[in-house]
Structure formats: structure tokens, C-alpha cells
Amino acid sequence: MLRLFLALLLTLAAPGLAGAQGAMTAAKAKDLVRASLVAESEALVPGRTVTLGLHMAMKPGWHVYWRNPGDSGLPPEMGWRLPAGYSVGPVQWPVPERIPVQTLMNFGYEGAVTLLVPLKVPEDARIGETARLSGTLSYLVCEEICIPGSSELSLDLPVAAAAEPASGQAALFARARAALPEAAPGPVRTAREGDRLVLHLDRPGLEDVTGAAFFPYAEGALENAAPQDLAVDAGGLRLTLTPGEAKATPDALAGVLALTEDGVRKAYALGPEPVAAPTTAAVPTALEAPAAAPEDESLTLWSAAGLALIGGLLLNLMPCVFPVLSIKVLSLVRQAGESASRVRLHGLAYTLGVLASFLGLAGLLIALKAGGAGIGWGFQLQSPVVVALLAYGLFAMGLSLSGAVHLGGGIVGLGDGLTRRAGYQGSFFTGVLATLVATPCTAPFMGAAVGFALTQSPLAALAVFASLGLGLALPFLGLTLFPQALRLLPRPGAWMDVLKGALAFPVYATVAWLVWVLAQQVGPNGLLAGLTGLVLVALAAWAWERARGAGRLGTGLGRVAAVAALVAALGLVALLDGDRAAARGTALAQGEEAFTQARLDTLRREGRTVFVDMTAAWCITCQVNERTVLARDGVQAAFRAGNVAFLKGDWTNQNPEITHLLERYGRSGVPLYLVYRGQGEAQVLPQILTEGVVLAAIGQKDVAAAQ
């Protein structure tokens with residue numbers, strides 16, 4: 001992914017997207033999946049429950065996904081439209097297969113699958129009427145590429161005093177029930193042995209078991225592609241598993257255990273199954289198309305582009321972007337005496353750098369999501385390699401600002417005596433850098449616009465991302481396009497060297513923050529490698545500067561030493577992904593719990609009010625909200641007074657379960673704040689929080705005021 005990211009970052013996204021779009025149009029989802037809605041009975045009986053089946057038949061070689069899709073993909077989702085009083089219960093999922101895709105391991109179904117859904121008929125249903133059961137089934141069907149699809153399904157059934165089994169459907173429902181997991185046949189226990197988890201099934205007579213696979217309910221609980229080592233003896237079996245980024249603990253590991261015994265596959269449900277609340281005609285089910293925030297419901301392409309433009313403008317005020325923009329304005333002061341046409345070209349070069357970077361990132365994001373990857377905006381910062389490289393680049397820029405090394409305008413556009421071409425390159429790459437450091441920030445209006453973009457066609461999505469980039473570039477572009485604006489800037493002078501040195505410190509602060517983010521993603525060895533890389537960058541800068549004016553031999557040796565130090569730093573960066581297993585994640589404060597969908601479902605069934613905080617260590621907006629609003633004494637007291645459960649989802653590293661919830665509410669990245677009260681849909685809070693907004697959402701504004 002890193003190699004693809006770096007390649008696309010330096011080019012526009014059009015060629016890659018053209019290939020992705022061509023692949024998507026080459027095969028249509030409706031030709032790959034035949035979906036139908038069937039019922040086990042010929043009629044509906046008042047007060048009784050009838051079983052429905054969502055039947056999907058796939059073209060050979062293609063597959064759809066289980067409730068936990070594994071390393072990529074999305075499970076099928078049904079948005080029901082039911083008559084008043086009718087309700088459906090949770091889907092009953094057949095045991096899946098392990099489906100390897102290159103280095104990934106997915107969980108899903110090939111051939112055909114039937115998802116069973118119980119339908120409760122109301123007591124007051126009138127005999128003789130016909131009930132229309134319908135909805136939209138959304139799914140992702142994959143082979144080497146993934147294609148999203150949807151089917152409008154409906155079934156008309158009469159309401160009668162009695163009902164016979166549906167003719168011709170008995171075999172289908174019998175196969176579907178046979179594929180469901182049974183209760184565990186003996187005591188099950190899970191223990192930690194070193195850095196792995198061992199699942200024990202204590203039951204004699206399992207010597208004929210020749211294969212086993214465990215499918216966790218929670219996404220990210222296990223390293224899905226890791227081997228699952230089976231050992232069988234007279235007392236039962238042992239299955240050794242590797243924990244994933246969600247850091248599953250023995251007492252929280254629940255899922256389905258599939259065994260192959262005497263050539264027959266059997267499956268057993270282990271631990272509590274996450275169950276959604278029943279769904280009526282007025283309440284969307286857990287198997288529904290992504291639910292958008294109320295303010296997003298009327299978004300069109302033009303309104304989303306407008307929100308993106310405003311969000312991009314506000315990004316310039318974010319702490320991650322402001323230092324870079326200040327440096328570029330400083331360079332503009334140096335160029336104030338140049339011709340208006342050349343100044344305009346600097347502004348256009350900067351804008352082109354911003355747009356190229358935004359389109360490159362957006363194109364990569366769209367292409368990866370089309371391939372089934374569970375990622376969103378800011379995804380590149382989930383890679384410790386990218387975080388370290390960004391820290392090294394900014395550290396080098398800070399050294400240049402401090403005067404420790406003269407890197408020239410080709411890096412940040414600050415050098416003197418450069419050729420015309422080099423100066424424009426500096427403006428272009430300043431735009432690239434501004435985009436990279438902007439991705440950890442989420443400005444107001446951005447979330448709705450980006451979330452909308454990723455649900456549209458590739459061209460529409462690129463249009464929204466281009467508007468976002470244009471908004472980021474507009475302030476600097478405006479200064480360059482209107483020469484009279486340059487007269488408002490102070491004249492060049494000695495003060496500029498002082499200001500240039502002062503601007504190095506916000507850049508160093510950004511480097512410190514990036515190192516802190518890296519510390520959340522890797523273990524002690526990885527952090528040591530990252531810090532050593534910073535030392536090597538400083539060594540390279542020192543050697544390069546010492547080589548200036550040192551004669552031919554001294555210059556050659558100095559530059560060789562600088563290049564060697566940089567190569568060594570890049571070599572250390574390449575090792576960072578290998579230490580991800582020791583990542584620690586965002587720490588939980590008192591009263592906070594780690595988010596899982598199973599825990600959210602449990603709290604909702606208990607009737608608790610639940611506050612969900614989707615955050616990441618690299619998300620500056622998230623950190624500001626947590627420290628200035630959520631950590632305040634009044635807010636914390638209101639949480640305790642209202643017995644509000646606080647679930648924190650850490651998206652610092654990839655977590656498919658969090659990605660899925662973000663997509664359900666029309667978001668492509670963090671922050672996302674949700675409040676669940678009762679059995680209704682969640683209330684989506686603004687991305688910039690205030691104490692009043694939070695207290696009103698959890699229903700504790702009056703309590704807080706009384707305190």
C-alpha cells in the first residue's frame with residue numbers, strides 16, 4: 001500500500017481511476033449475484049413468527065461476506081420496508097469459509113448462501129389482507145476486484161389463520177439451518193500463552209477432527225491471515241490463534257468454531273453473539289444501507305462541493321497546516337518585488353501541488369475502497385512508515401529554517417538565487433506538503449462532504465476532493481492573483497530571518513506530535529528505530545552543510561556521508577511495520593470503554609444512553625475536542641449523573657469494525673461522535689464539539705447547570 005501511495009501521490013489520479021472504473025463497469029454486480037427474498041410459509045399468521053430467507057447465488061469464483069468480513073470487504077445489509085407493526089429480528093448467519101486474497105484473509109460465502117431472518121407478525125394483522133415485505137439488499141461481491149451492488153427485493157404474502165410450508169422452499173431452508181452454528185458440544189475455555197491465544201474445547205472423541213477454523217465476531221480481534229494451529233488429543237482439541245490490532249482478550253473472544261470431522265463440516269457458536277435490537281417498520285435494522293446524519297440527507301454534488309470548499313478554507317487555520325502556509329507567505333514577501341506574472345505563476349504552482357496531491361490521495365482512497373479495503377480519509381497516517389517519513393521531511397525543513405542546513409527552494413521555496421524553474425518546483429512541493437500535513441485535521445463541513453463523495457461515482461468524488469483542495473489553496477492563490485494584495489505585506493528586511501527561525505519551532509512541534517503518533521502505532525523497538533532515523537536525518541543535514549565550500553574532495557565525501565545517512569534512515573523506516581503487533585493504541589480514561597459493536601449492542605439492549613467517540617492519535621481535531629470539551633469536569637459529571645456509557649473507538653491503526661460504523665453514518669474518517677438514547681437511531685454530533693452540544697445530546701444539560 002505504501003508503494004502505491006507514493007506512486008499516486010506524485011501523479012494525478014486519472015489514469016489509475018480510469019482503470020478502476022473500467023474494471024467496475026466490465027462486470028455488473030447484478031450479473032454476478034442473483035438475490036431473492038423467500039419465506040418458509042405460504043402465509044402470515046397474526047402473532048406468529050415466520051422465517052424469511054435472503055438468498056444470494058454468486059457466479060463461480062465470486063464471493064460475498066460474513067458478518068465479520070475479515071481483512072477486507074463488507075457484509076450484506078438489508079434496509080427493510082415493512083407494514084406497520086411488523087418487525088424483523090437479527091440475521092442468522094451460516095458458518096463462512098476462509099477466503100484468501102493475496103496476503104489477506106476474508107470470511108465469506110461462495111456459490112450460494114441463505115441468510116435467515118425472523119419476521120414477527122403483529123397480533124392485530126387482519127386476516128385476508130396481503131402484506132408486502134420489501135427492502136434494499138446492499139452487498140459487495142468480490143473476485144480479484146470488488147464491485148458494490150444492490151437489489152430491490154419484495155415478497156407479497158397473505159395474512160391467514162393458519163399457514164402451510166411454502167412449496168418448493170423446504171430444501172432451501174433445511175440447507176440454511178444445517179449451515180448455522182450449534183451450541184458448543186463441551187466446555188470451552190481460552191487462555192493466553194505468550195503472545196498468542198489458545199482455544200480449548202474439552203470433549204473426548206475428537207480424534208477424527210482433521211481441520212478447524214475460528215471466525216471471531218469482532219472485526220480486528222485476530223490476525224485473520226495468521227495460521228491457526230490445531231492439536232487434538234484424547235481430552236479434546238487446542239486451536240492456537242494470533243491476536244489482532246483490537247487486542248482480543250481470552251474472556252472477550254467470541255465467534256464460530258468450524259470443525260471438519262470424518263469429512264463432515266460442523267460449526268459451533270462460542271461465547272455471546274452480538275444481537276441487534278428488533279427492527280420495526282419505523283426503525284432501520286442493523287442490516288441497512290449506511291445511515292447519514294440528518295444534516296447530510298439533502299446533500300447534492302453541488303452542495304457537497306460547496307461544503308468541501310469551505311472546509312478546505314478552514315483547514316488553513318488548523319495547527320497542522322498553518323506553519324507550512326506561514327512559510328510560504330514568508331517566501332511570497334521575498335518575491336514581492338518580482339513581476340506580477342511570476343508571482344501569479346508561484347500561486348498557480350502551489351495550487352497545482354495541492355490539487356495534484358488531493359486528487360492523488362482521493363484516487364488511491366477510491367481505488368482501494370472499490371477493492372474492498374476498509375479505509376477512510378487520513379488512511380495513510382495509519383501506516384507508521386508514512387508517519388515516520390512525514391516526520392523526517394518536516395524535521396529537515398525545520399533544520400533548514402533554523403539555518404542548520406541550506407536545502408534550497410526546491411524543498412520549501414525559501415532559497416535565494418534559484419532559477420525560475422526551481423522556484424516553481426518549490427511552490428509546487430509546498431502545496432504537496434500542505435496537503436500531507438492537512439490530512440490529520442478535519443475542519444467543519446469536511447466530514448459530510450467527504451462522506452458524501454465516497455458514496456458517489458469516481459468522477460463525482462474527485463470533483464468534491466478537488467473543491468476541498470481548491471479551498472485549501474485559495475488564500476495563497478488569492479494573494480498571488482491580485483498584485484494589490486501584496487502591498488499589504490511588509491517590505492523585505494532583516495526581520496524575515498528572525499521570523500524564519502521562529503517558524504522552525506511550530507514545525508519542530510509538528511515533528512514531536514508525529515513522533516507521539518508513531519509511539520501509538522509501534523512498540524519500543526519501532527519507536528527507537530524512528531527516533532534513530534531522526535538522528536540520521538540530522539547527521540545527513542550536518543554532513544551536507546559541512547560539504548559546502550570544502551573543496552572537491554571534501555564536498556564529495558560530505559555528500560556521500562549525507563546520502564548514506566539518509567539511506568540508513570530509510571532502512572530503519574522500512575522496519576517499522578514489523579513492530580506493529582506491539583502497538584498500544586489510545587489510552588482509555590476512567591469511565592471509558594474500548595468500542596466494539598458487540599459492546600454497543602449490549603449497552604443498547606440494556607437501555608443505557610451511549611456516547612461513542614471515534615478518534616485517532618493522529619487526528620488533531622479529535623485531540624482538541626477531547627481535551628477542551630469531553631475531559632471538562634462539567635461534562636464528566638453529567639456522564640456520571642446520567643449513567644452514560646462512553647465508548648471510544650481508536651482508529652490510529654486500521655480497524656474494520658470502526659470503519660464500518662463510520663460508513664454507516666456517511667463518514668469517511670474521524671472524528672465521529674454519536675449518541676444513542678433508547679432504541680432509535682443515533683444522533684450525530686458536530687465535528688467541532690462544545691460543552692452545550694454534548695450535554696444536550698445526552699439529556700443532562702439541566703443536571704450540569706444545577707451543579
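This one's a predicted model, so the numbers in the text were calculated from it and none came from an experiment.

Undergrad: Looking at this structure, how should I read helix α18 (residues 620-630)?
TA: An α-helical turn contains 3.6 residues, so any two residues separated by three or four positions project in the same direction. Among the 11 residues of α18, 8 are classified as buried, and the element is accordingly described as predominantly covered. All of the buried residues along α18 are I620, T621, C622, Q623, N625, E626, V629 and L630.

Undergrad: Looking at this structure, I do not really get the side chain of Q228. What am I missing?
TA: One can find Q228 in the loop between β14 (209-216) and β15 (229-233). A distance of 2.7 Å separates the side chain of Q228 from the backbone nitrogen of F214, its partner in a polar contact. Contact partners of Q228, with chain neighbours within four places excluded, come to R98, A212, A213, F214, L239, T240 and L241.

Undergrad: Can you walk me through the sheet that holds strand β16 (residues 236-241) in this structure?
TA: Through backbone hydrogen bonds, the strands of a sheet pair up, either in parallel or in antiparallel fashion. With antiparallel pairing, the 4 strands of this open sheet are ordered in space as β12-β13-β16-β15. Each having just a single partner strand, β12 (188-193) and β15 make up the two edges of the open sheet. Taken pair by pair, the neighbouring strands of this sheet meet at an average axis angle of 20°, ignoring direction. Where β12 meets strand β13 (residues 196-202), 6 bridges bridge the pair, whose relative direction is antiparallel. Paired with T190 across the bridge in β13 is L199.

Undergrad: Please clarify how the pairing of strand β4 (residues 77-81) should be interpreted in this entry.
TA: When you tally the buried positions in β4, you get 4 out of 5 residues, the bulk of the element. Relative to strand β9 (residues 130-142), β4 runs antiparallel, the two being bridged by 5 bridges. Bridged to G79 within β9 is T136.

Undergrad: What's the story with the environment of R196 in this structure? I'm lost.
TA: Its location among the elements puts R196 in strand β13. Considering only alpha carbons, one finds R196 and P243, 47 residues apart in sequence, at a separation of 6.3 Å. Looking at R196, its side chain comes within polar contact range of the main-chain oxygen of T240, at 3.4 Å. A distance of 3.3 Å separates a polar atom in the side chain of R196 from a polar atom in the side chain of T242.

Scoring rules and cut-offs
- Residues numbered from 1 in each chain as written.
- Predicted model: local features only at pLDDT ≥ 70, side-chain atom pairs only at ≥ 80, totals over all residues.
- Heavy atoms only, no water.
- Buried < 20%, exposed > 50% of the residue type's maximum accessible area, 1.4 Å probe, protein only.
- Helix = DSSP H or I, 4+ residues; strand = E, 2+ residues; numbered from the N terminus.
- Polar contact = N/O pair within 3.5 Å; in protein donor to acceptor, adjacent residues only side chain to side chain.
- Contact = heavy atoms within 4.5 Å.
- Pairing = 2+ DSSP bridges.
- Axes fitted to C-alpha atoms, helices over the stretch in contact; angles between N-to-C directions.

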